[in-house]
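The primary structure of each chain is shown beneath.
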Amino acid sequence: MTTRETVRAYHEARFRGDVAAAAQQLAEPFSFRSPFITSTDPAGHLAGLPGFVQVVTGVDLISELYGDSEATLVYDVHTATPAGTQRTAEHFRLEGGKITSILLIFDAAPWLPMSGEIR
């Protein structure tokens, strides 16, 4: 699969709550960083996914940038929470057709009051 196919397969699986399909796109070793979560394995990274997608009401992809071994997606996540719509950037690194790292960037301030409920 191309970088685009791998990243889009992960992105689409993630936002439909399909943990197994999202995990298929992740490599071992793997690392994830966001303002709230750091994980060094796919299972740890995806553990909170079911709870998160329960509050997502939509995703609008704004931009997709792809290279041979990296990609960046920029999108708005619409939620049924006081945080409302969250502008998000996600940077991926890939090796051998699998995602080896994800850096998720967003303003965490609207989520702080709810941070214990979403994990």
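Please read all numbers here as calculations on a predicted model, not as lab measurements.

Calculation notes
Residues numbered from 1 in each chain as written. Predicted model: local features only at pLDDT ≥ 70, side-chain atom pairs only at ≥ 80, totals over all residues. Heavy atoms only, no water. Core = buried A, V, L, I, M, F, W, Y, C linked by side-chain atoms within 4.5 Å. Buried < 20%, exposed > 50% of the residue type's maximum accessible area, 1.4 Å probe, protein only. Contact = heavy atoms within 4.5 Å. Phe/Tyr/Trp six-rings, centres within 6.5 Å; stacked < 30°, edge-to-face > 60°. Helix = DSSP H or I, 4+ residues; strand = E, 2+ residues; numbered from the N terminus. Pairing = 2+ DSSP bridges.

(A) Structural context of the nonpolar core. Counting 29 residues, the largest nonpolar core has Y10, L26, F52, F92, I99 and I102 as the members making the most contacts within it. Apart from the residues lying within four places of it in its own chain, the contact partners of I102 are Y10, L26, F30, S31, F32, R33, H45, E90, H91 and F92.

(B) Molecular detail of the packing of aromatic side chains. Counting across every chain of the model gives 4 aromatic pairs. Measuring from centroid to centroid gives 6.2 Å for F36 and F106, while their planes differ by 40 degrees, and the two rings are tilted. A residue pair is termed long-range when its members are at least 10 positions apart, and F36 in the loop between β1 (26-33) and β2 (38-39) and F106 in strand β6 (residues 98-106) qualify at 70 residues. With relative accessibility at 25%, the residue F36 sits in the partly exposed group. When its relative accessible area of 17% is taken as the criterion, F106 is described as buried. Chaining the aromatic ring pairs together yields one cluster made of F15, F52 and Y75.

(C) The arrangement of the pairing of strand β4 (residues 70-79) in detail. One ladder, built from 9 bridges, connects strand β3 (residues 56-66) with β4; its direction is antiparallel. Each residue of the ladder has a partner; that of Y66, found in β4, is A71. Linking β3 back to β4 in an antiparallel pair, the connection comprises 3 residues. Of the pairings in the sheet, the one linking β4 to strand β5 (residues 85-95) comprises 9 bridges and is antiparallel in character. Within the sheet, the bridge partner assigned to A71 lies in β5 and is F92. Hairpin geometry of β4 and β5 is characterised by an intervening segment of 5 residues between the two adjacent antiparallel strands and by a positive phi of about 65 degrees at G84.

(D) Representation of unusual backbone geometry in the model. Here the residue pair E28 and P29 is connected by a cis peptide bond, since its omega of 0 degrees sits within 30 degrees of zero. Position of P29 among the secondary structure elements: in strand β1.

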